[in-house]
Protein chains: 2
Amino acid sequence: MKFFTENEPTSPINARYPVTRVLYRGRSKYQKILVFDSPFHGRVLALDDIVQLTTREEHFYHELLVHPILQAHAQPRNVLIIGGGDGGTMREVMKYPSIENAVQCELDQQVVAVAKEYFPKLAVGYKDKRAQLRFEDGEKLLRASGKLWDAIILDLTDPIGPAKPLFERPFYKLCAEHLAPDGFLSAQTESLHFHADTVKSVMRALRGLFKHIELVTVPLAMYPGNWWTFTVASRTLDPKIARNNFCPPTRVYSRDDHAWFFLPKGVREKVLA
Amino acid sequence: MKFFTENEPTSPINARYPVTRVLYRGRSKYQKILVFDSPFHGRVLALDDIVQLTTREEHFYHELLVHPILQAHAQPRNVLIIGGGDGGTMREVMKYPSIENAVQCELDQQVVAVAKEYFPKLAVGYKDKRAQLRFEDGEKLLRASGKLWDAIILDLTDPIGPAKPLFERPFYKLCAEHLAPDGFLSAQTESLHFHADTVKSVMRALRGLFKHIELVTVPLAMYPGNWWTFTVASRTLDPKIARNNFCPPTRVYSRDDHAWFFLPKGVREKVLA
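Conventions adopted
Residues numbered from 1 in each chain as written. Chains lettered and ligands numbered in written order. Predicted model: local features only at pLDDT ≥ 70, side-chain atom pairs only at ≥ 80, totals over all residues. Heavy atoms only, no water. Least-squares fit on C-alpha atoms with pLDDT ≥ 70 in both. Domains from an automatic or database assignment. Contact = heavy atoms within 4.5 Å. Buried area = accessible area lost by both parts, 1.4 Å probe. Salt bridge = Lys/Arg side-chain N within 4 Å of Asp/Glu carboxyl O. Helix = DSSP H or I, 4+ residues; strand = E, 2+ residues; numbered from the N terminus. Nonpolar A, V, L, I, M, F, W, Y, C, P; charged D, E, K, R; others polar. Polar contact = N/O pair within 3.5 Å; in protein donor to acceptor, adjacent residues only side chain to side chain. Pairing = 2+ DSSP bridges. Expected span 1.5 Å × (residues − 1). Bend = angle between axes of the 7 residues up to and from the residue. Buried < 20%, exposed > 50% of the residue type's maximum accessible area, 1.4 Å probe, protein only. 1 Å grid on protein atoms, 1.4 Å probe; cavity = no way out; pocket = protein on both sides within 12 Å on 5 of 7 lines; lining within 4 Å. Points joined across faces, edges and corners; volume = space filled by probe spheres on them.

J.: Can you help me understand the relation of the copies chain A and chain B in this one?
T.: Each copy of the chain is related to the other by a rotation around an axis and a translation along that axis. Superposing chain A onto chain B takes a rotation of 180° combined with a translation of 0.0 Å along the rotation axis, leaving an RMSD of 0.0 Å. Each copy turns onto its partner about a two-fold axis. Taking C-alpha positions as the reference, the residue of chain A nearest the rotation axis is A:Ala15, at 2.3 Å.

J.: Whenever I open this one, the domain arrangement of chain A confuses me. Can you help?
T.: Many descriptions give the size of an interface as the accessible area lost when the pieces come together. Residues and elements named next belong to chain A. Each domain of chain A was delimited in the assignment, giving domain 1 (2–54) and domain 2 (58–271). The centre of domain 1, based on its C-alpha atoms, is set 23 Å off from the matching centre of domain 2. Tallying the contact residues gives 25 residues for domain 1 and 19 residues for domain 2. In this assembly, domain 1 packs against domain 2 so that about 2,000 Å² is buried in total across both faces, 65% of it on carbon and sulfur atoms. Taken together, domain 1 and domain 2 are joined by 0 salt bridges. Counting residues per element, the side of domain 1 that touches domain 2 draws most heavily on strand S6 (residues 50–54), at 5 residues. Grouping the amino acids of the side of domain 1 that touches domain 2 by side-chain chemistry returns 15 nonpolar, 6 polar and 4 charged.

J.: What should I look at first to understand the interface of chain A and chain B in this one?
T.: Across the contact, 36 residues belong to chain A and 36 residues belong to chain B. Summed over both sides, the interface of chain A with chain B buries roughly 3,200 Å², with 65% coming from carbon and sulfur. The largest share of the area that chain A buries against chain B comes from A:His193, A:Trp260 and A:Lys270, three residues that together contribute 22% of it. One can count 0 salt bridges joining chain A with chain B. If you look at where chain A meets chain B, you find 13 residue pairs in polar contact (both at pLDDT 80 or more). Residue assignment for the side of chain A that touches chain B shows that the elements contributing at least two residues are strand S2 (14–19) and helix H7 (265–271) of chain A. Here the side of chain A that touches chain B gets 5 residues from one element, more than from any other, and that element is S2(A). In terms of residue class, the side of chain A that touches chain B is made up of 21 nonpolar, 9 polar and 6 charged. Pairing between S2(A) and strand S2 (residues 14–19) of chain B: 3 bridges, direction antiparallel. By the bridge assignment for S2(B), A:Ala15 is matched with B:Ala15.

J.: I would appreciate a short explanation of the pairing of strand S5 (residues 42–47) of chain A in the present structure.
T.: Looking along a regular strand, one sees the side chains alternate between the two faces of the sheet. Residue and element names in this part refer to chain A. Sheet topology places strand S4 (residues 32–38) next to S5; 6 bridges connect them, and they run antiparallel. For Ser-38, the partnering residue across the bridge sits in S5 and is Gly-42. Hairpin connection, S4 to S5: the antiparallel pair is bridged by 3 residues. Bridge count between S5 and S6: 4 bridges; the pairing is antiparallel. Pairing of Leu-47 across the sheet is with Ile-50, part of S6.

J.: How do you make sense of helix H1 (residues 58–72) of chain A when you look at a structure like this?
T.: Residues that lie three or four places apart on an α-helix share one face, since the helix turns once every 3.6 residues. All names here are of chain A. Its 15 residues place the ends of H1 22 Å apart at the C-alpha level, agreeing with the 21 Å of an ideal helix rising 1.5 Å per residue. The axis of H1 is deflected most strongly, by about 30°, at Leu-64, and proline Pro-68 appears within four residues downstream. Taking burial as the measure, the 15 residues of H1 include 15 buried ones, the bulk of the element.

J.: Sorry if this is basic, but what is going on with empty space enclosed by the protein here?
T.: Over the atoms rolls a probe the size of a water molecule, and its path tells where empty space is left. Applying the stated criterion across every chain, the model contains 2 cavities of 30 Å³ or more. Looking at the largest cavity, its volume works out to about 220 Å³. Taken together, 24 residues form the lining of the largest cavity, with A:Ile13, A:Ala15, A:Ala221, B:Ile13 and B:Ala221 sitting closest to its centre. Elements with a minimum of two residues in the lining of the largest cavity: S2 of chain A together with S2 of chain B. A per-class count over the lining of the largest cavity returns 16 nonpolar, 6 polar and 2 charged. Put simply, the second largest cavity is a space of about 100 Å³. The residue makeup of the lining of the second largest cavity, split by class, is 9 nonpolar, 2 polar and no charged.

J.: Help me understand the pattern of salt bridges in this model?
T.: Between side chains of opposite charge, pairing is possible as soon as their charged atoms come close. According to the stated counting rule, one finds 32 salt bridges over all chains in the structure shown. With a closest N to O distance of 2.9 Å, B:Lys173 and B:Glu177 form a salt bridge. One end of the pair is B:Lys173 and the other is B:Glu177, both in helix H5 (residues 169–177) and 4 residues apart, which spans about a single turn. On the basis of relative accessible area, B:Lys173 is assigned to the partly exposed category, the value being 42%. Salt bridges sharing partners connect three or more residues here, namely A:Glu58, A:Arg91, A:Glu92 and A:Lys95.

Structure below.
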């Protein structure tokens, strides 16, 4: 059996995965793409040697990026996803019958092609007529669109290279300006264990732009630092309250425990001290 | 820079730590002992090539093993610790002025000697007059003692080898019989991500012996599978309620959020499905 050793430049440890089979190895305009099978984790997608998902655990990430805000909104109709080329986020969004239109901006066409071939259970959402996939820059689309979105979801890679400006204040301001008054923003914002500085800098950058700023957290084993954060922000409504009458089937998110997924203030203050 | 690759036989991935300095490498009657420094994690203790603690994160483990039950008890006076040779658990117990007597049974004298030399901030509790450290078998002591404890804390290594019977029903029965009516049991019970079968088997083994059986969880990065569980059981009182008027200084446990550390039923059912 061979091994894949992850190389995440901002992680202090490296994870070593046993590899039973390499299914795809390529290079897009933007990044190296690798797909392999591993005995426990199932199928693994790595971009630039950084694990993006394992089929065993991807639902932890995708459910917690999406459901806290789509449950906080009474009836989300239009959603913008930036990033998320594997399709898992679109799949979760498409579970809601109230959604009329979900636009996804992904830069890397090849990641989507690889997901459609090797991760059919993730890329399934793209088949839905309400889903529009565009290979263009999310910031440009947001700037050009006169629309106010019910939800904006930032399913981005680590804040290094092209994704970096999308973790900063000017971009968050643009999001705030294009969010309906009862709309919500959800962004993956790295690990509380390994990237507390990123979490703090994102929260600082959002301050003043949104009334409510909260951290949704979930433990993952597939990312180094594992205690993953999704920063949720809203202009008017408290995201800790579930308002949606429809709750889709889920594997880890539980609407009965909606508020539990939000990191309590006392713990947040201790961990980010 | 050299690397230490963890070899945890029940873990599907291996973590690779950079090593700046090896401070101790030895072998006791029971196990291989290794102490090294790593840039991000600080000082690391590994037994049989399995990381037991890092100075950066050990408080996540020790605080959540100890405080949920010592806060649930109105005034804990006597505590039994089984395992826990590094001293972190005793340190947290000694923070409570109400404690009159804390007995710790650890088999490996050499682990304690190494902790005293290389982890002085953990082994500090042993200096307290109320702390009694005994190098003997915890099960034997429990069987011989006529005492009813306010808290029994099982700070054990993985359920392989000598620790295995201490994750099984006959031993839990012994604990239940030696716990005061308002007493609490707390046991480290592995990862929800990688060892869900262990968590389920422990919960099954406790059923019928205790009225309340709950999971305290906390995400750690220092153990593979990271979403760590502490199984808490009690004969009469609900552990989710904090009854102690004294709350010691902590770095992650927050008494204001006491109930949050207990995994909600809805999430537990989904994750252990």
